[in-house]
Each structure stands twice: as C-alpha cells, then as structure tokens.
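Below, each chain spelled out in residue letters.
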Amino acid sequence: MVTRRQQIENIIIGTLLESDGKNNYFDDCRSMLGADMFREDTNRRIYGLISEMNAKGVSDTRPYSIFGQYGESVVDIVPRMCELVAEWSFIHKKVQHNEGRYLYSLVSGAKVSYTTVQFGDYVGQFIKINEDDKASGDNRGAEAHAA
C-alpha cells in the first residue's frame, strides 16, 4: 500500500517531469525542496537531475529531455520517469478528478464543484510531512542513505 507521503512524493516528481518551456513546475519548489527530502532513491535521483538542469537554465525536464541531457547514465530510470509522469502527475490527477465529477453530474443531475487544489498545495504538504518527520525523529530520507 502506498502511504500518503509516497503519494505526494510521486505527485511532485511526476509533475516536475511535465515541465517544459511554457510551464516550469520546478519554480514552485526550487527554493523549498531538496533532493534529501525524498525517501525513494529514484525520486531523489530524478529530483537531483531536474535541479541540475534548471540550474543550467534548462526548464524542459520531461523524460525524453532528461534522457537527451544525460543519455546512457539515466537509461535505468527512464521507465520509472515515464510511469511517474503518466500515473502521478498533478495535472493528470486533477483532470481525472474533475472529469469524474463532471460525469457524476451528468448521471446524477447533481450540481458538483471541481477541485481548486494547486501543485503548490502538494509542495506545502510535502514540506509539512518532512517537518513532522524531523520533529518525530523519523529521518529515513537521504540522511539515512548517506550512512
């Protein structure tokens, strides 16, 4: 079973893998998140690559762009990047949710509301989870892997 922390971590990475020249989702978290906040090794590695690309002025961090930048050194994580962007991207999740609400309204005739959640809300939740983990002494992030 995927925990809420894992869901949010995956949503953040999946969304960052949607960044292109028009929408750079890294702008929403560049000054607040670090790779060491991610527990899953591959997510931590992907976040590091995305951070590095943005530091070089490259905002297109879709999977094929990462592969174009790093080539053979990232072949092992290409399937995971594709899974994250297809299954976990905030944009896709929001569209699915709102589409479900719309279809429900067609069938039931009920007036529904659509979600107003933004990507930054997930970033905020992720920061809070990390702060709570630190306060409770649960530091299974990169610090635990550095040993």
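Quantities reported herein were computed from a predicted structural model and do not represent experimental measurements. (Residues numbered from 1 in each chain as written. Predicted model: local features only at pLDDT ≥ 70, side-chain atom pairs only at ≥ 80, totals over all residues. Heavy atoms only, no water.)

A.B. asks: Could you give me a rundown of the pattern of salt bridges, with the residues and numbers involved?
C.D. replies: One pass over the structure, following the stated rule, counts 9 salt bridges. For Asp133, the salt bridge is made with Arg5, and the minimal N-O distance between the two is 2.7 Å. Of the two residues, Asp133 sits in helix α6 (residues 119-136) while Arg5 sits in helix α1 (residues 4-16), which places them 128 residues apart along the sequence. Residue Asp133 is classed as buried on the basis of its relative accessible area of 13%. Of the charged contacts, one joins Asp76 and Arg45 as a salt bridge, the two residues approaching to 2.7 Å between their closest N and O atoms. Here Arg45 lies in helix α2 (residues 41-55) and Asp76 lies in the loop between α3 (63-70) and α4 (78-87), a separation of 31 residues in the sequence. Put simply, Arg5, Arg39 and Asp133 are held in one network by salt bridges that share partners. (Salt bridge = Lys/Arg side-chain N within 4 Å of Asp/Glu carboxyl O. Helix = DSSP H or I, 4+ residues; strand = E, 2+ residues; numbered from the N terminus. Buried < 20%, exposed > 50% of the residue type's maximum accessible area, 1.4 Å probe, protein only.)

A.B. asks: I'd like a rundown of helix α5 (residues 90-108), residues and numbers included.
C.D. replies: Here α5 spans 27 Å end to end across 19 residues, near enough to the 27 Å set by a 1.5 Å rise per residue. Listing the buried residues of α5 in full gives Phe90, Asn98 and Ser105. In an axial view of α5, the angular spread of the buried residues amounts to 50 degrees, which keeps them on one side of the axis. Counted as exposed and oriented over 90 degrees from the buried face of α5: Val95, Gln96, Leu106 and Val107. Along its buried surface, α5 packs onto α1 and α6. Of the residues one or two after α5, Gly109 is the one with positive phi, at around 80 degrees. (Expected span 1.5 Å × (residues − 1). Arc of directions from axis to C-beta. Contact = heavy atoms within 4.5 Å.)

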